[in-house]
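Topology and contacts: notes
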Amino acid sequence: MGSRDDYTSKEAKLINQAKRELANGMDKDPVEKLRLMCYAKGAKGILGLARAFRNMDRNGDKLLHEEDFIDGIKQAGLPLNADESKYMFRRFDENNNGYIHMDEFLNKLRPTINKSRLDLIERAFQKMDRSGDGMITAKDLKNVYTVKYHPKYLSGELTEKEILGRFLEHFDTSCGIHDGKVSKEDFLNYYATISASIDSDAYFDLIMRQSYKL
């Protein structure tokens, strides 16, 4: 299934750089400030915020009101107090409607990905989503990934379920949402941050192809 070792050091560099930029005291655009806060939490930062907001969207209309926004920021563990969150919400609510569109907001927050990288991410997701239902589950993984040659499976240290579960854990977040499912949006949000930590298209291409045998 590939190893995180290939990009762990680059992710750590992104985290440290984001923390330095947040600490420099310079005024920042609200989107950029929030993006840096997510980067400071690593690959799961934007993913965690997106999942927290999705959890707030109880009626499924994909509209975030101020209270939802503040609760989502808190649930995602981002270092903003209520007043800062209110200020940020009002900056994002450009039309003064009292709400922001979740998808539009997350599209602004997510770092830009060029077409070649986006194609790789989408191909990897489609390969893993064997059922074609838009979600990666342990059942999907069993159809694309054999554990019988995995050293920890051979040694008896881990069961098949535990090994497959470790892949899904990459997409678990600190906001208490561990449903064993990875949506296409989750997958994209996760790899968008990985992409932001890697300057070279060729290296990103290599990592994705090795990780998912594309």
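- In the nomenclature of an unreviewed UniProt entry, the chain corresponds to EF-hand domain-containing protein from the organism Glossina pallidipes.

1. Considering the UniProt feature "domain: EF-hand" (unreviewed entry) in the chain
- Residues given the UniProt feature "domain: EF-hand" (unreviewed entry) here are residues 44–79, 80–115 and 116–151.
- Taken end to end, residues 80–115 comprises 56% helix and 8% strand; its first and last C-alpha atoms sit 33 Å apart.

2. Quick notes on the domain arrangement of the chain
- Each assigned domain of the chain is listed here: domain 1 (5–109) and domain 2 (115–212).
- Applying the counting rule to domain 1 against domain 2 returns three salt bridges.
- Note that D186 and R51 form a salt bridge whose closest N and O atoms lie 3.0 Å from each other.
- Those elements that place two or more of their residues in the side of domain 1 that touches domain 2 are α1 (5–23), α3 (44–56) and α6 (102–109).

3. Overview of unusual backbone geometry
- A positive phi angle, near 60 degrees, is found at K62, a position not held by glycine.
- One can find K62 in the loop between α3 and β1 (63–65).
- Exposure remark for K62: the relative accessible area of 39% places this residue in the partly exposed category.

4. Details of the pattern of salt bridges
- The tally for this structure, following the rule as stated, stands at twelve salt bridges.
- Here R117 ties to D201 by a salt bridge, and the two come within 2.7 Å at their closest N and O atoms. Taken together, the residues span a long stretch of sequence, with R117 in helix α7 (residues 115–128) and D201 in helix α12 (residues 201–212) at a distance of 84 residues.
- Since its relative accessible area comes to 6%, R117 is described here as buried.
- Residue class for D201 comes out partly exposed when judged on its relative accessible area of 37%.
- Here R209 makes a salt bridge to D205, at a shortest N to O gap of 2.6 Å. Here R209 pairs with D205, and both are found in helix α12, just four residues apart, close to one helical turn.
- Judged by relative accessible area, which is 23%, D205 ranks as partly exposed.
- One continuous salt-bridge network, built from bridges that share partners, spans R51, R54, E185 and D186.

5. Notes on the packing of α7 against α12
- The interhelical angle for the contact between α7 and α12, taken along N-to-C directions, is 5 degrees, at an axis separation of 10 Å. When the interaxial angle is binned, α7 and α12 end up roughly parallel. Residues S116, R117, L120, I121, R123, A124, K127 and M128 of α7 touch α12, and the partners they reach there are D201, F204, D205, M208, R209 and Y212.
- Here the contact of α7 with α12 is composed, by residue class, of seven nonpolar, one polar and six charged.

6. Describing the side chain of D140
- Along the chain, D140 turns up in helix α8 (residues 138–144).
- Despite its burial, D140 remains without a salt bridge, the nearest opposite charge being carried by R130 at 6.9 Å.
- Within the structure, D140 has its side chain in polar contact with the backbone nitrogen of R130 (distance 3.3 Å).
- Non-local contacts of D140, meaning those with residues more than four positions away in its chain, are made with M128, D129, R130, S131, D133 and M135.

Thresholds, definitions, all that
Residues numbered from 1 in each chain as written. Predicted model: local features only at pLDDT ≥ 70, side-chain atom pairs only at ≥ 80, totals over all residues. Heavy atoms only, no water. UniProt positions renumbered as here; feature names shortened; annotations may be inferred. Helix = DSSP H or I, 4+ residues; strand = E, 2+ residues; numbered from the N terminus. Domains from an automatic or database assignment. Salt bridge = Lys/Arg side-chain N within 4 Å of Asp/Glu carboxyl O. Buried < 20%, exposed > 50% of the residue type's maximum accessible area, 1.4 Å probe, protein only. Axes fitted to C-alpha atoms, helices over the stretch in contact; angles between N-to-C directions. Parallel < 35°, antiparallel > 145°, perpendicular 65-115°, else oblique. Contact = heavy atoms within 4.5 Å. Nonpolar A, V, L, I, M, F, W, Y, C, P; charged D, E, K, R; others polar. Lys, Arg positive; Asp, Glu negative; His and termini not counted. Polar contact = N/O pair within 3.5 Å; in protein donor to acceptor, adjacent residues only side chain to side chain.

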